[in-house]
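Read off the chains here:
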Amino acid sequence: MTRPVRVAIVGAGPAGIYAADALLKSEVAQDPGVSIDLFERMPAPFGLIRYGVAPDHPRIKGIVKALHQVLDKPQIRLFGNVDYPNDIGLDDLRSFYDAVIFSTGADADRALDIPGIDLEGSYGAADFVAWYDGHPEVPRTWPLNAEKVAVLGVGNVALDVARILAKTADELLPTEIPDNVYQGLKANKALEVHVFGRRGPAQAKFSPMELRELDHSPNIEVIVNPEDIDYDQGSIDTRRANKQANMVASTLENWAIRDVGDRPHKLFLHFFESPVEVLGEMGEVVALRTERTELDGTGNVRGTGTFTDWDVQSVYRAVGYYSEELSKLPFDVGSGTVPHEAGRVISGGEHMASVYVTGWIKRGPIGLIGHTKGDANETVACLLEDRAAGRLPAPEHPAPDAVVAFLEGRGVRYTTREGWHRLDAHEQALGAARGRERIKVVEREAMLDASGAPAPAGGTPAGS
């Protein structure tokens, strides 16, 4: 009897789960069948949906329900709290599976090369997001002593950071924020948050709904300078061709012409201001210097030589996520991606047999969920094409129990799908006790305990 095709997916965020879904919907799932193992560094699945989405966006986290429907399929197993490559490496995976798909995403901050960016009080947005989302691998406290804060970037992550900094802790209490985050935000001294964009309103990357949500808080006064509402022919063309860009620009126009109200926290959206230096004294941030820009007719901008120093005590850069390099895989440092052709990993001009990528590690940290699904479909189509052509080397140990014995032999305390359901129920119970939907568990050991992950019976702990 022909055995099912064995596929390992490294990374159990949306990209990895959508790849699993694509495999389950393929013809090979019917004959000879498919067996999928998801490996995830965190004890819980769902990646940036759990650790990269602001807690006051419950509708976005509704995506988890759809991901659950895939994760709960009997052909899929979850191995959480398993780190690549320390717990299991590429050669190990190839010995157990016909193919390996990497969907490790991007959760680091892209660098911004301007003077002073490394001063104390200058932070990456991804690190701050990880803190307020209760990521197990970040500190439990965050310095929130600045009364005036700058956020660099005009994407949704910049809006998330600005909104969390400008809201009160009590506004966020009904969400799933952990106790340490609530206590940290209670001590937040920020009264002014300034968001800076190098170009104009038509080039902002906000989604219209995310932008409008800024104005929903009773404590946040959103302010736009009328002088920042400007368009050239390239901007006009963008508005005509892109409905979302036009909606964003229209919202900003409306805010620019209204009277400033009396809400206690001020959130300023600045355009045509290009950050050129973070100024410091005694090693700490004391101001942000920007250069005024102007449109050049194409929608791009050029500097005007006019500089402004903004009185801020902390700076958050939200200029994009960046992927970590993966052991034994090629890596393009400039793009922060693994070189590939339609998802086939390319090394030395040739496809690495049985190795594929999908999601942000494949295309970079751009696009929405629809793009992630398309990525997965393309990658899985290539995998299946290679299988049909006999280009997938047979694994040495294809039996499903072989990888379990390997992990246990290495002393890896892994979590399972059933364990995730126990942790999920535990977090909901913590929330229910306080009239909230959920309270997220933060500490890794506490997550493992709530998951019921057994301590390894023997073996040497991986990485020791």
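Each chain carries its own residue numbering, running from 1 in the written order of its sequence. Two thresholds apply to this predicted model, a pLDDT of at least 70 for residue-level local features and 80 or more for giving and counting side-chain atom pairs, whereas whole-chain, interface and lining totals are computed over all residues. Hydrogen atoms and water are omitted, and side-chain values are computed over all heavy atoms in the structure.

Q: Summarise the overall build of the protein chain; cite the residues concerned and give the values.
A: A run of DSSP states H or I qualifies as a helix once it reaches four residues; a run of E qualifies as a strand once it reaches two. Both are numbered from the N-terminal end. When helices and strands are tallied, the protein chain shows 17 helices and 18 strands. The globule rule used for comparison is 2.2 Å times the number of residues to the exponent 0.38, while the radius of gyration itself is calculated over C-alpha atoms. Taken over the C-alpha trace, the protein chain has a radius of gyration of 24 Å; the compact-globule value for 464 residues is 23 Å, and the two agree within 12%. Accessible area is worked out with a 1.4 Å probe on protein chains only. A residue is then buried under 20% of its type maximum, exposed over 50%, and partly exposed in between. Within the protein chain, buried positions represent 55% of all 464 residues. It only takes one pair of heavy atoms within 4.5 Å for two residues to be counted as in contact. Long-range contacts, defined here as pairs at least 24 residues apart, represent 76% of the contacts in the protein chain between residues at least 6 apart. Per element, the accessible surface of the protein chain, about 20,000 Å² overall, is 51% carbon and sulfur. Counting 48 positive and 67 negative side-chain charges, the protein chain places the centres of these two groups 5 Å from one another. To be clear on the numbers: accessible area is Shrake-Rupley with a 1.4 Å probe, and residue cover counts the displayed protein chains and nothing else. Positive charge is attributed to Lys and Arg, negative charge to Asp and Glu, and no charge count is given to His or to the chain ends. Charge coordinates come from a single atom per side chain, which is NZ of Lys, CZ of Arg, CG of Asp or CD of Glu.

Q: Talk me through the confidence of the model for the protein chain; I want residue IDs and the actual numbers.
A: The pLDDT value expresses, per residue, how confident the predictor is, ranging between 0 and 100. When the pLDDT values of the protein chain are averaged, the result is 95; 97% of them are 70 or greater. Across residues 459-464, where pLDDT falls below 50, the model places 13 contacts with residues more than four positions away in sequence or in other chains.

Q: Just give me the short version of the packing of helix α11 (residues 233-241) against helix α12 (residues 243-257), but keep the residues and values in it.
A: Helix-helix packing is characterised by the crossing angle of the two axes and by the distance between the axes. Across the interface, α11 lies against α12 with an axial gap of 5 Å and an inter-helix angle of 115°. As far as their axial angle goes, α12 and α11 are roughly perpendicular. Across the interface between the two elements, Thr 238, Arg 239 and Ala 241 from α11 touch Lys 243, Ala 245, Asn 246, Ala 249, Ser 250 and Glu 253 from α12. Under the convention adopted here, Pro, Cys and the residues Ala, Val, Leu, Ile, Met, Phe, Trp and Tyr are nonpolar, Asp, Glu, Lys and Arg are charged, and Gly plus all remaining residues are polar. Grouping the amino acids of the contact of α11 with α12 by side-chain chemistry returns three nonpolar, three polar and three charged. Note on geometry: axes are C-alpha line fits, over the in-contact stretch for helices, and angles between N-to-C directions span 0 to 180 degrees. By the definition adopted for this analysis, an angle is roughly parallel if under 35 degrees, roughly antiparallel if over 145, roughly perpendicular if from 65 to 115, and oblique otherwise.

Q: Go over the pattern of salt bridges, please, and point to the residues and values.
A: Each reported salt bridge corresponds to a side-chain nitrogen of Lys or Arg within 4 Å of a carboxyl oxygen of Asp or Glu. Tallied over the entire structure, the rule returns 39 salt bridges. Ionic pairing is found between Lys 362 and Glu 378, a salt bridge with its closest N-O pair at 2.7 Å. Placement of the pair is Lys 362 in helix α13 (residues 360-363) and Glu 378 in helix α14 (residues 369-388), with a sequence separation of 16 residues. Using a relative accessible area of 4% as the deciding quantity, one classes Lys 362 as buried. Given a relative accessible area of 36%, Glu 378 falls into the partly exposed group. One network of salt bridges, in which partners are shared, links Arg 50, Glu 176, Asp 424, Glu 427, Arg 438 and Lys 440.

Q: Please set out the sheet that holds strand β8 (residues 192-196) residue by residue, giving values where relevant.
A: Two strands are counted as paired when DSSP detects at least two bridges linking them. Pairing within the open sheet is parallel, and its six strands lie in the order β6-β14-β7-β8-β10-β9. Across the chains shown, the open sheet's two edge strands, defined by having one partner strand only, are β6 (122-124) and β9 (220-224). Each strand of the sheet is rotated relative to its neighbour by a mean of 20°, with strand direction disregarded. Two elements, strand β7 (residues 148-152) and strand β14 (residues 314-317), share four bridges in a ladder whose sense is parallel.

Q: Can you explain unusual backbone geometry? Please cite residues and give values.
A: At the junction of Asp 31 and Pro 32, the peptide bond is cis and its omega measures out at 15° in the coordinates. Here Pro 32 shows up in the loop between α1 (14-24) and β2 (34-40). The omega angle of the peptide bond from Tyr 84 to Pro 85 is 5°, so this bond is cis rather than trans. The residue Phe 46 is not glycine, and still its phi comes out positive at about 90°.

Q: Give me the nonpolar core: which residues, what numbers.
A: The term nonpolar core refers to a set of buried residues drawn from Ala, Val, Leu, Ile, Met, Phe, Trp, Tyr and Cys, joined through side-chain atoms within 4.5 Å. Grouped together as the largest cluster of nonpolar side chains are 53 residues, with contacts concentrated most on Phe 128, Val 151, Leu 269 and Tyr 316. Not counting residues within four places of it along the chain, the set of residues in contact with Tyr 316 comprises Tyr 123, Phe 128, Trp 142, Pro 143, Leu 144, Val 149, Ala 150, Val 151, Leu 152, Val 161 and Leu 165. One finds Tyr 18, Met 42, Ala 44 and Ala 450 within the second-largest nonpolar core, a separate group that totals 41 residues.

Q: Lay out the environment of Ala 190 in plain terms, naming residues and giving numbers.
A: Residue position: Ala 190 is located in the loop between α9 (179-186) and β8. Taking the C-alpha atoms as reference, Ala 190 lies 44 Å from Tyr 356; in sequence the two are 166 residues apart. Excluding residues that lie within four positions of it along the chain, Ala 190 makes contacts with Ala 146, Glu 147, Val 149, Leu 165 and His 265.

Q: Would you mind going over α9 in detail, with residue names and values included?
A: Taken together, the buried positions of α9 are occupied by Val 181, Tyr 182, Gly 184 and Leu 185. Each buried residue of α9 sits inside an arc of 165° when the element is viewed along its axis, so together they form one side. The secondary structure elements touched by the buried residues of α9 are α6 (125-132), α7 (156-166) and α8 (169-172). Directions from the helix axis toward the C-beta atoms define the arc.

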